[in-house]
Amino acid sequence: MKLKPLFDNIVVKPAKAEEQTKSGLIIPDTAQEKPKQGEVIAVGDGRWDDEGEKRVPMDVKVGDKVIYKEWGKTSVKIDGEEYFIMSQGDVLAIIEQ
């Protein structure tokens, strides 16, 4: 199934939580810190400007690794995989490598 976000929304696949500490201890699911970063899977066309004449270009693109706000996202499961749908405004940073 493909998701096509509308306006300035994006679809993000969250990164996996760390399951083991650097020293080798296994972290149970209930104690794992949920990651606040992931990969952009799909991007909307952008919101309309105030005059309603042009689309405002998106700052993120498919494939970008991003850090996002903890709140403000909608979680969906598709084919057993978890994804987040959020506004581009909920992205705090793009991770450049």
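Right above here is the structure, for reference.
Residues numbered from 1 in each chain as written. Predicted model: local features only at pLDDT ≥ 70, side-chain atom pairs only at ≥ 80, totals over all residues. Heavy atoms only, no water.

### Quick notes on the sheet that holds strand β1 (residues 9-14)
In spatial order, the strands read β4-β5-β1-β2-β3-β6; together these six strands make up an open sheet with antiparallel pairing. Unpaired on one side and paired on the other, β4 (74-78) and β6 (91-95) mark the two borders of the sheet. On average, adjacent strands in this sheet sit at an angle of 40° to one another, irrespective of strand direction. Here β4 runs beside strand β5 (residues 81-87); their pairing, made up of five bridges, is antiparallel. Across the sheet, Thr 74 pairs through a bridge with Ile 85, a residue of β5. (Pairing = 2+ DSSP bridges. Helix = DSSP H or I, 4+ residues; strand = E, 2+ residues; numbered from the N terminus. Axes fitted to C-alpha atoms, helices over the stretch in contact; angles between N-to-C directions.)

### Describing the packing of aromatic side chains
With the rule as written, the count across this model stands at one aromatic pair. Ring centres of Tyr 68 and Phe 84 lie 5.8 Å apart, and the angle between their planes is 75°; on these two criteria the pair is classed as edge-to-face. Note that Tyr 68 is positioned in strand β3 (residues 65-68) and Phe 84 in strand β5, a separation of 16 residues in sequence. On the basis of relative accessible area, Phe 84 is assigned to the buried category, the value being 9%. Taking the ring centre of Phe 84 as reference, the NZ or CZ of Lys 73 above it sits at 5.0 Å. (Phe/Tyr/Trp six-rings, centres within 6.5 Å; stacked < 30°, edge-to-face > 60°. Buried < 20%, exposed > 50% of the residue type's maximum accessible area, 1.4 Å probe, protein only. Lys NZ or Arg CZ within 6 Å of the ring centre and 35° of its normal.)

### Describing the side chain of Asp 64
Locating Asp 64 in the fold gives a position in the loop between β2 (37-43) and β3. According to the relative accessible area criterion, Asp 64 is buried, its value standing at 9%. Looking at Asp 64, its side chain comes within polar contact range of the main-chain nitrogen of Lys 61, at 2.9 Å. The residues touching Asp 64, leaving out its near neighbours within four places in the chain, are Gly 38, Glu 39, Val 40, Asp 59 and Ile 94. (Polar contact = N/O pair within 3.5 Å; in protein donor to acceptor, adjacent residues only side chain to side chain. Contact = heavy atoms within 4.5 Å.)

### Things to note about a nonpolar patch on the surface
The grouping of Leu 6, Phe 7 and Trp 48 at the surface amounts to a nonpolar patch, some 330 Å² of accessible area in total. By the element assignment, Leu 6 lies in the segment before β1. Judged by relative accessible area, which is 55%, Leu 6 ranks as exposed. (Patch = residues over 30% accessible without salt bridge, like charges linked within 9 Å, V, L, I, M, F, W, Y side chains within 5 Å. Areas by Shrake-Rupley, 256 points an atom, 1.4 Å probe, with all protein chains shown as cover. Salt bridge = Lys/Arg side-chain N within 4 Å of Asp/Glu carboxyl O.)

### Focus: the pairing of β3
Only one face of β3 is covered, namely the one carrying Val 66 and Tyr 68; the face carrying Lys 65 and Ile 67 has none of its residues buried. Where β2 and β3 come together, three bridges link them in antiparallel fashion. Paired with Glu 39 across the strands is Lys 65, a residue of β3. Relative to β6, β3 runs antiparallel, the two being bridged by four bridges.

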